[in-house]
Amino acid sequence: MTRISFPKDFVWGTATASYQIEGAYDEDGRGLSIWDTFARTPGKVVNGDTGDVACDSYHRYEEDIALLKQLGVSSYRFSIAWPRIIPQGTGEVNEKGLDYYRRVIDGLIAAGIEPAVTLYHWDLPQALQDKGGWDNRETIDAFLAYAEVVFKAFGDKVKSWITFNETWCVSFLSNFIGVHAPGHTDLQLATNVAHHCLVAHGRTVQLYRSLNLPGQIGTTHNLSWSEPYTTRPEDVEAARRSRAWGNEWFLEPTLKGSYPSFMVDWFRGKGIEVPILEGDMETIGQPIDFIGVNFYTGGCTRYKKDSGLFDSEDVQVGFDQTFIGWNVYPEALYKVLSWLHEEYGDIPIYITENGACTDDHVAEDGGVHDAQRVDYYRKHFIQCQRLIDSGVPLKGYYAWSLLDNFEWAEGYAKRFGIVHTDYETLERTPKDSYYFIQKVISEGGFDV
Ligand code: NCW
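Worth saying up front: this structure is predicted, and the values here are computed from it rather than measured. Throughout this document, residue positions are counted from 1 along each chain, in the order its sequence is written. Local features in this predicted model are restricted to residues whose pLDDT is 70 or higher, and side-chain atom pairs enter the listing and the counts only when it is 80 or higher, whereas totals over whole chains, interfaces and linings include all residues. The side-chain numbers reported here are obtained from all heavy atoms of the structure, hydrogens and water having been left aside.

K.L.:
Now, about the packing of aromatic side chains: what can you tell me, with residues and values included?
P.N.:
Each Phe, Tyr or Trp ring (for Trp, its six-membered ring) is paired with any other whose centre lies within 6.5 Å, and the angle between the two planes then decides the class: stacked below 30 degrees, edge-to-face above 60, tilted in between. Tallied over the entire structure, the rule returns 59 aromatic pairs. Ring centres 6.4 Å apart and planes at 50 degrees place the aromatic pair tryptophan 225 and tryptophan 339 in the tilted group. One end of the pair, tryptophan 225, is in strand 6 (residues 216-228); the other, tryptophan 339, is in helix 13 (residues 330-344), with 114 residues separating them in the sequence. On the basis of relative accessible area, tryptophan 225 is assigned to the buried category, the value being 12%. Runs of E in the DSSP output that reach at least two residues are strands. Runs of H or I that reach at least four are helices, and both are numbered from the N terminus. Buried, partly exposed and exposed residues are distinguished by accessible area as a fraction of the type maximum, computed with a 1.4 Å probe on protein chains only: under 20%, between the cut-offs, and over 50%, respectively.

Structure below.
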């Protein structure tokens, strides 16, 4: 038997995002976001679901905080909805929006839970999208003004800030692949969006430093691990391009202030240029206090001429998959974070999301027996211990997600929660995975 145990000061948390849980889409002066528009566009979200009600956390946040307290976490990662704070993207500040987050933050602190706040988890004010969204550099200034309002309101109470959630999704998934809002399919546009979000990140870090606030700030990238299907050089190169698009394209600017040059050349070969202005790279590469990593999956990639952006294709080699079709590959977490540490040095790392989508139902005994999710967490916790034992500065872990919630283009059909949400009654039911994590936290580890 081996004991998996975590350091005493290891941060345990869960994560959510505003549009996915809050509902109350038109209450207390909230403006519309690109997700309100997208979800209402026929064919974009499974079953035509929207976040209008979601988990109704706008009204039920106290219940959510009680669940967190009972779980025993020391931190809760959630995001602030920009359109609640500045409904039209620029201009007037909505005090009622700030009041909501003040209640949440105060409630968490009273429960002994540190808030970790994401400033941008995808709900761009629609009014800004109407002017070009993240393709328009003026959106960066608008974001800075929003961040300043939030920092000034909560900077004394919130000690952990994340500028952007998953810039790859904000840019390429939403503007090239087109499955998330605003749903464009233009590679140059997506490249511009990625760059402008990165610049906005850097400027937000500068702003935060200038305010002399007592906390830490970083950003969260979604990383995965593409392994070459064979050792043939063309497969090795194909996997390298695939990793570079998802990982280095975002990590290298953030942590080294440059783009991976072989990828810049690859994009140039397709007629795509990054719209870099003087000073941008230095701004993006501002030192940050930690890097957040969302990790879910990995797999094998091989060369295939004229396939996709990178002459590559993913190959199935027998991994188990979750209900959303993502491979379960826990060792890939170890591989990608070991690589990150080797490549970028000793920056503290937080796993800001990790979790599994499974097909859950409330059983006759009233419980939710999500055995596959429990197994997923158990296996990923083991990899966390390997990383810590290897000297990788892994400081914390946030399970995605506290609640089943609006899973973007997949609507409510795909559940990631450790707490089940009944979308008819909005009743919350902790699943077996909730009790598993509760036990790991209270006992500081588990036996395997
Ligand atoms: S969709 C996505 N997720 C899930 C979401 O609920 C959360 O808000 C995100 O931070 C769980 O974690 C992140 N990530 C996008 C993954 C890429 C999907 C690739 C689709 C290719 C067509």
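K.L.:
For the state of the cysteines, give the residues involved together with the corresponding values.
P.N.:
In this description, a disulfide is simply a cysteine sulfur pair whose atoms lie within 2.5 Å. Tallied over the full model, the rule gives 0 disulfides. Cysteine 169 forms no disulfide, and the closest cysteine sulfur to it belongs to cysteine 197, at a distance of 11 Å.

K.L.:
Can you explain helix 14 (residues 371-389)? Please cite residues and give values.
P.N.:
The span one expects for a helix is its residue count, reduced by one, times 1.5 Å. For helix 14, spanning 19 residues, the distance from its first C-alpha to its last is 27 Å, which sits close to the expected 27 Å at 1.5 Å a residue. Here helix 14 has its buried residues at Arg373, Val374, Tyr376, Tyr377, His380, Phe381, Gln383, Cys384, Gln385 and Leu387. At the exit of helix 14 stands glycine 391, carrying a positive phi of roughly 90 degrees.

K.L.:
Account for unusual backbone geometry, naming residues and giving values.
P.N.:
For the bond running from alanine 181 to proline 182, omega is 10 degrees, close enough to zero to count as cis. Backbone geometry places alanine 54, a non-glycine residue, at a positive phi of 50 degrees. Along the chain, alanine 54 turns up in the loop between helix 2 (34-39) and helix 3 (57-71). With a phi close to 55 degrees, asparagine 212 is a non-glycine residue in the positive phi region.

K.L.:
Tell me about the site of the ligand, and please be specific about residues and values.
P.N.:
Neighbouring residues of the ligand: 15 residues in total, closest Gln20, His121, Tyr296, Glu353 and Glu407. What qualifies as a polar contact is a pair of N or O atoms within 3.5 Å, subject to a donor-acceptor requirement within protein and to the restriction that residues adjacent in sequence count only when both atoms come from side chains. At 3.3 Å from an oxygen atom of the ligand is found a side-chain nitrogen or oxygen belonging to tryptophan 400. Glutamate 407 places a polar side-chain atom, nitrogen or oxygen, 2.5 Å from an oxygen atom of the ligand. Out of a free accessible area of 550 Å², the ligand has 78% covered by protein chains. For the shell around the ligand, the secondary structure elements donating two or more residues are helix 8 (167-177) and strand 7 (290-303). Note on residue classes: Ala, Val, Leu, Ile, Met, Phe, Trp, Tyr, Cys and Pro are nonpolar, Asp, Glu, Lys and Arg are charged, and everything else, Gly too, is polar. Here the shell around the ligand is built from residues that sort into 7 nonpolar, 5 polar and 3 charged. Proximity criterion: a residue is near a molecule or strand once any of its heavy atoms comes within 4 Å of it. We get accessible surface area from the Shrake-Rupley algorithm with a probe of 1.4 Å; when it comes to residues, only the shown protein chains can shield them.

So, to be careful, I would describe these as geometric facts and stop short of saying anything about function.
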